[in-house]
Amino acid sequence: MKIAYLGPQASFTQLAASQIFPENELIAESSILDCFNAVKNGEVDKAVVPLENSIEGTVSMTLDYLYDFENIFIQTEAIMPISHQLMMHPANEDFSKIISHPQALAQTFHFRFNHYKNTLTQDYSSTSAAAKLVSENPQEKWAAIANSYAAKLYGLKVIHKNIQDFEQNHTKFIIISKKRTSLNLNFPKSSEKTSLLVTLPEDHAGGLHQVLSVFAWRKMNLSKIESRTMKKNLGNYFFFINVASEWHPVLSENALEELRLFGADIKFIGHYNEYILED
Ligand SMILES: O=C(O)C(=O)Cc1ccccc1
């Protein structure tokens, strides 16, 4: 079985993917979009991509692609602790630019504000891609924010350790597939949930309340609701909703049916477990 991940080697996503799929062939992709396309085109069976971080929040690209792509489902969610290191080429003494994935730059904002307020930053496709770039360009005074495994793999020296703004920093990764079925892992399970994408019918007072009441009176507990722009014009949103609980076939199907009767558009994204990975 082939598994795509946001690469290159030593990205946080690879650390998650290799814990989840120690026996499988892992294929590095250069973006989250490439991961979705690899699943869609059948080049791989599944992909591992980041969905949400405890400091920075949702990885909006991942949420958007779950909305945009037809028939791609979440099979599992896995939470992994994240520690960021600031690193540079061993041949250099200082640096004038910090390069990393936007999530990593955001998760270390206060550290950078306090220590390197005037240093330029550059978004890059992943933390490990930034580490690789720095290692291949010793003539440039660049630093990267990535994990210790990337520092080792790409021969960089770590100059500040554990620079995330909150010590407890976790990212949720999802496994996506064309199969609707969930995938059970051999890690501690923390919860069970159903993910839905809901688009409201025409704008009217109480529209969202109406949608939420469908879950409320059935005592279906929501653990997350997030709105995202539909990008057509300002003020149009879709909602990513997690229902926390077992999938009760009659109750849940009736809830979805009732929502559809209101004129809401419902996309089922998966019913799956959340697991806790190791450091
Ligand atoms: O860039 C990476 O290494 C990723 O896997 C994305 C990411 C970035 C920061 C925290 C968690 C995941």
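Procedures and definitions
Numbering of residues begins from 1 in every chain and follows the order in which that chain's sequence is written. Reporting in this predicted model follows two pLDDT cut-offs: at least 70 for local features of residues, and 80 or more for side-chain atom pairs to be given and counted; totals over whole chains, interfaces and linings ignore these cut-offs and use all residues. Each side-chain value is derived from all of the structure's non-hydrogen atoms; neither hydrogens nor water enter the calculation. Strands are labelled as partners when DSSP assigns at least two bridges between them. Counting from the N terminus, the helices are DSSP H or I runs at least four residues long and the strands are E runs at least two residues long. Here, axes are lines fitted to C-alpha atoms. For helices the fit covers the stretch in contact, and angles between N-to-C directions go from 0 to 180 degrees. Whether two residues touch is decided by their heavy atoms; if any such pair falls within 4.5 Å, the residues are in contact. Being near a molecule or strand, for a residue, comes down to having at least one heavy atom within 4 Å of it. Polar contact is the term for a pair of N or O atoms within 3.5 Å; when the atoms are in protein, one must be able to donate a hydrogen and the other to accept it, and sequence-neighboring residues count only if both atoms are side-chain atoms. Only the protein chains shown count as cover for residues, and the accessible areas themselves come from Shrake-Rupley with a 1.4 Å probe. The definitions used throughout rest on a 1 Å grid laid over the protein atoms alone, on which a cavity is an enclosed set of points accommodating a 1.4 Å probe that cannot get out and a pocket is an open set flanked by protein within 12 Å on both sides along at least five of seven lines; lining residues are those having an atom within 4 Å of a point. Assignment to a cavity or pocket requires that more than half of a molecule's atoms be within 2 Å of the site's grid points. By the convention adopted, Pro, Cys, Tyr, Trp, Phe, Met, Ile, Leu, Val and Ala count as nonpolar, Lys, Arg, Asp and Glu as charged, and the other residues, Gly among them, as polar. Here's how the labels work: a residue is buried when its accessible area is under 20% of the maximum for its type, exposed when over 50%, partly exposed in between, all with a 1.4 Å probe on protein chains only. These descriptions rest on fixed angle ranges, namely under 35 degrees for roughly parallel, over 145 for roughly antiparallel, 65 to 115 for roughly perpendicular, and the rest for oblique. Crossings are sorted by hand: turned counterclockwise from the far helix by less than a right angle, the near helix makes the crossing left-handed, and turned clockwise it makes it right-handed.

(A) Main features of the sheet that holds strand 8 (residues 120-123). Pairing is mixed in the open sheet, where 5 strands are placed in the order 8-7-9-6-10. Edge positions in the open sheet fall to strand 8 and strand 10 (157-160), since each of these has one partner strand only. When strand polarity is set aside, the average angle formed by the axes of neighbouring strands in this sheet is 35 degrees. Direction of pairing for strand 7 (residues 97-100) relative to strand 8: parallel, over a ladder of 4 bridges. If you follow Ile99 over to strand 8, its bridge partner there is Gln122. Packing against the sheet, helix 6 (residues 127-136) makes contact with strand 6 (85-88), strand 7 and strand 9 (142-146), and its axis sits at approximately 150 degrees to strand 9.

(B) Spatial organisation of the site of the ligand. Leu6, Ser11, Phe12, Thr13, Ile82, His84, His101, Gln103, Gln107, Ser126, Thr127 and Thr171 make up every residue found near the ligand. The separation between an oxygen atom of the ligand and a polar side-chain atom of Thr127 is 2.5 Å. For the ligand, whose free accessible area comes to 320 Å², the fraction covered by protein is 99%. Most atoms of the ligand, that is more than half of them, are within 2 Å of grid points of the largest cavity. When contributions to the shell around the ligand are tallied by element, the ones reaching two or more residues are helix 1 (12-20) and helix 4 (102-107). Here the shell around the ligand is composed, by residue class, of 3 nonpolar, 9 polar and no charged.

(C) Seen up close, helix 1. Most of helix 1 sits inside the fold, with 7 of its 9 residues counted as buried. For helix 1, the complete set of buried residues consists of Phe12, Thr13, Gln14, Ala16, Ala17, Gln19 and Ile20.

(D) Fine view of the packing of helix 8 (residues 207-216) against helix 9 (residues 249-261). Where helix 8 meets helix 9, the closest approach of the two axes is 10 Å, and the angle between their N-to-C directions is 160 degrees. Accordingly, the angle class assigned to the pair helix 8 and helix 9 is roughly antiparallel. In the crossing of helix 8 with helix 9, the sense of the turn from one axis to the other is right-handed. Residues Val211, Val214 and Phe215 of helix 8 pack against Ala255, Glu258 and Leu259 of helix 9. Classifying every residue of the contact of helix 8 with helix 9 gives 5 nonpolar, no polar and 1 charged.

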